[in-house]
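A closer look at the structure
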Amino acid sequence: LIAIHARYRASWERTGPGARDGPALLDQVSLIKQSMPDFPIISNGNVITYDDVVENKKTTGANGIMSAEGILNNPALYLPRLGDVEKDGEREVPIPIFSPLRTGGGGGGGGGG
């Protein structure tokens, strides 16, 4: 697994929160993914909204998309993937229930498996 933040290192003179040198270079993530099609690649960059998640995946062909600053402003950034539901005339976003991962073998809680 390789996670790629598709930006060049910013200059030392940058100022302000989140200052960086331009947009992420998602075309370069795409080239890496094309050269390693069977290797899991996680792309990061230009992800502020759910539409950005979809566009990043479409552009790069990455196996997954991660967000740094976008998730800080919107902790529910990835929820739209579940779809909206109309219930009693109100818009409702279903929230998944996750169960703990089970690991095989001995040692520590969670049962066998």
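These numbers come from a predicted model, not from an experiment. (Residues numbered from 1 in each chain as written. Predicted model: local features only at pLDDT ≥ 70, side-chain atom pairs only at ≥ 80, totals over all residues. Heavy atoms only, no water.)

Another aspect to go through is the confidence of the model for the chain. Averaged over all residues, the pLDDT of the chain equals 74, while 58% of them reach at least 70. Between residues 106-113, whose pLDDT stays under 50, and residues either more than four places distant or in other chains, the model counts six contacts. (pLDDT = per-residue confidence, 0-100. Contact = heavy atoms within 4.5 Å.)

In this section: the packing of helix α1 (residues 26-35) against helix α2 (residues 50-60). Remark: α1 packs on α2, axes separated minimally by 8 Å, with the N-to-C direction vectors making an angle of 50 degrees. It follows that α1 is oblique to α2 by the angle criterion. On α2, the residues that touch L26, V29, S30 and K33 of α1 are N56, T59 and T60. (Axes fitted to C-alpha atoms, helices over the stretch in contact; angles between N-to-C directions. Helix = DSSP H or I, 4+ residues; strand = E, 2+ residues; numbered from the N terminus. Parallel < 35°, antiparallel > 145°, perpendicular 65-115°, else oblique.)

With that settled, the discussion passes to the side chain of S67. Its location among the elements puts S67 in the loop between β3 (64-66) and α3 (69-73). There is a polar contact of 3.3 Å between the side chain of S67 and the backbone oxygen of V47. Within the local environment of S67, its side chain forms a polar contact with the backbone nitrogen of I71, the two atoms lying 3.1 Å apart. (Polar contact = N/O pair within 3.5 Å; in protein donor to acceptor, adjacent residues only side chain to side chain.)

Strand order in the open sheet formed by three strands is β1-β2-β3, with parallel pairing between adjacent strands. The open sheet has two edge strands, β1 (2-5) and β3, and neither has a second partner. Neighbouring strand axes in the sheet, compared pairwise and without regard to direction, differ in orientation by 25 degrees on average. As paired strands, β1 and strand β2 (residues 41-44) are joined by four bridges and run parallel to one another. Bridge pairing links I4 to S43 in β2. Where α1 meets the sheet, its contacts fall on β1 and β2, and the angle it forms with β2 comes to roughly 175 degrees. (Pairing = 2+ DSSP bridges.)

In this section: α2. Regarding α2, the residues found buried are V53, N56 and T60. The arc that holds the buried residues of α2, viewed along the axis, is 65 degrees, so those residues lie on one side. Among the exposed residues of α2, those pointing more than 90 degrees away from its buried face are D51 and K58. Next to the buried residues of α2 lie α1, β2 and β3. (Buried < 20%, exposed > 50% of the residue type's maximum accessible area, 1.4 Å probe, protein only. Arc of directions from axis to C-beta.)

In this model, N46 sits at a positive phi of 65 degrees, which is unusual for a non-glycine residue. Topologically, N46 is positioned in the loop between β2 and α2.

In this section: the side chain of N44. Structurally, the position occupied by N44 is in strand β2. Taking the relative accessible area as the measure of exposure, N44 reaches 7% and is therefore buried. If sequence neighbours within four positions are ignored, N44 has contacts with I4, H5, A6, A24, N56, M66, S67 and A68.

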